[in-house]
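Architecture at a glance
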Amino acid sequence: GLSARKTAYATGLARAVADGTLDLDALARADDEAVIEAITALKGFGRWSAEIYLLFALGRADAFPGDDLALRLALGRLKGIEGRLVAKAARELVAAWAPWRGCGAIFLWHYHGAATLDRT
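Throughout what follows, the structure given in this document is the object of discussion. (Residues numbered from 1 in each chain as written. Predicted model: local features only at pLDDT ≥ 70, side-chain atom pairs only at ≥ 80, totals over all residues. Heavy atoms only, no water.)

In this section: the overall build of the protein. Assigned secondary structure in the protein consists of 7 helices and 0 strands. Listed by position from the N terminus, the elements making up the protein come as α-α-α-α-α-α-α. The long-range share in the protein, meaning contacts at least 24 apart out of those at least 6 apart in sequence, stands at 52%. In the protein, 15 side chains carry a positive charge and 14 a negative one; their mean positions are 7 Å apart. (Helix = DSSP H or I, 4+ residues; strand = E, 2+ residues; numbered from the N terminus. Contact = heavy atoms within 4.5 Å. Lys, Arg positive; Asp, Glu negative; His and termini not counted. Charge placed at Lys NZ, Arg CZ, Asp CG, Glu CD.)

Here you go:
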């Protein structure tokens, strides 16, 4: 079910892990910015991918994937903001949630899901 491009990205990721270019054990010990830098260096992987990895694979409770559209929509709705928030604005709005921004992200995904169900 993956496109040819996504298959190429997944293959590149697997190759990077297999040849040690991407050292998953080292990522677990690295600070958040180093993890983001390492993952975004891979073709097809951006900041969103890196922050999702931080949050779910490494359990970093402060990782906030601000590029996530559902999070931005939910945050805007929660804060009563008209229009779509950009990632930078979303990150600024949740800065006060540190060091628990990742926990806030999970609640926002649930909030977004509940709001979506309300509309159906």
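Next up on the list: the environment of glycine 76. Turning to its location among the elements, glycine 76 is positioned in helix H5 (residues 69-79). A C-alpha to C-alpha distance of 29 Å links glycine 76 and alanine 34, two positions 42 residues apart in sequence. If near-sequence neighbours (up to four positions away) are discounted, glycine 76 is found in contact with Ile81 and Leu85.

Quick look at the environment of glycine 59 now. Tracing the chain through its elements places glycine 59 in the loop between helix H4 (47-57) and H5. Owing to a relative accessible area of 55%, glycine 59 belongs among the exposed residues under this scheme. Expressed as a C-alpha distance, the spacing of glycine 59 and alanine 8, which sit 51 residues apart in the sequence, is 27 Å. (Buried < 20%, exposed > 50% of the residue type's maximum accessible area, 1.4 Å probe, protein only.)

All right, on to the side chain of aspartate 68 then. One can find aspartate 68 in the loop between H4 and H5. No salt bridge is formed by the buried aspartate 68; its nearest oppositely charged neighbour, arginine 72, is found at 7.0 Å. A polar atom in the side chain of aspartate 68 sits 3.1 Å from the backbone nitrogen of alanine 70. Ignoring anything within four residues of it in the chain, the contact list for aspartate 68 reads Trp48 and Trp109. (Salt bridge = Lys/Arg side-chain N within 4 Å of Asp/Glu carboxyl O. Polar contact = N/O pair within 3.5 Å; in protein donor to acceptor, adjacent residues only side chain to side chain.)

With that settled, consider unusual backbone geometry. Residue proline 99 follows alanine 98 across a cis peptide bond; omega there is 5°. Its location among the elements puts proline 99 in the loop between helix H6 (87-93) and helix H7 (101-119).

Attention now goes to the nonpolar core. Nonpolar side chains in soluble globular proteins tend to be buried together. Within the largest apolar cluster, 11 residues are counted, these being Ala16, Leu22, Leu27, Val35, Ile36, Ile39, Leu42, Ala50, Leu54, Leu55 and Ala63. For this core, the secondary-structure elements that each account for two or more residues are helix H3 (32-40) and H4. (Core = buried A, V, L, I, M, F, W, Y, C linked by side-chain atoms within 4.5 Å.)

We now examine H3. If you check which residues of H3 are buried, you get Val35, Ile36 and Ile39. When H3 is viewed along its axis, its buried side chains cluster within an angular range of 100° and face the same direction. Lining the buried residues of H3 we find helix H2 (24-29) and H4. (Arc of directions from axis to C-beta.)

With the rule as written, the count across this model stands at 6 salt bridges. A salt bridge links arginine 101 to aspartate 62, with the shortest nitrogen-to-oxygen separation between them at 2.4 Å. Within this pair, whereas arginine 101 is found in helix H7, its partner aspartate 62 is found in the loop between H4 and H5, the two being separated by 39 residues in sequence. Classification of aspartate 62 as partly exposed rests on a relative accessible area of 22%. Taken together, the shared-partner salt bridges in this structure form one network comprising Glu33, Arg47, Glu51, Asp67 and Arg91.

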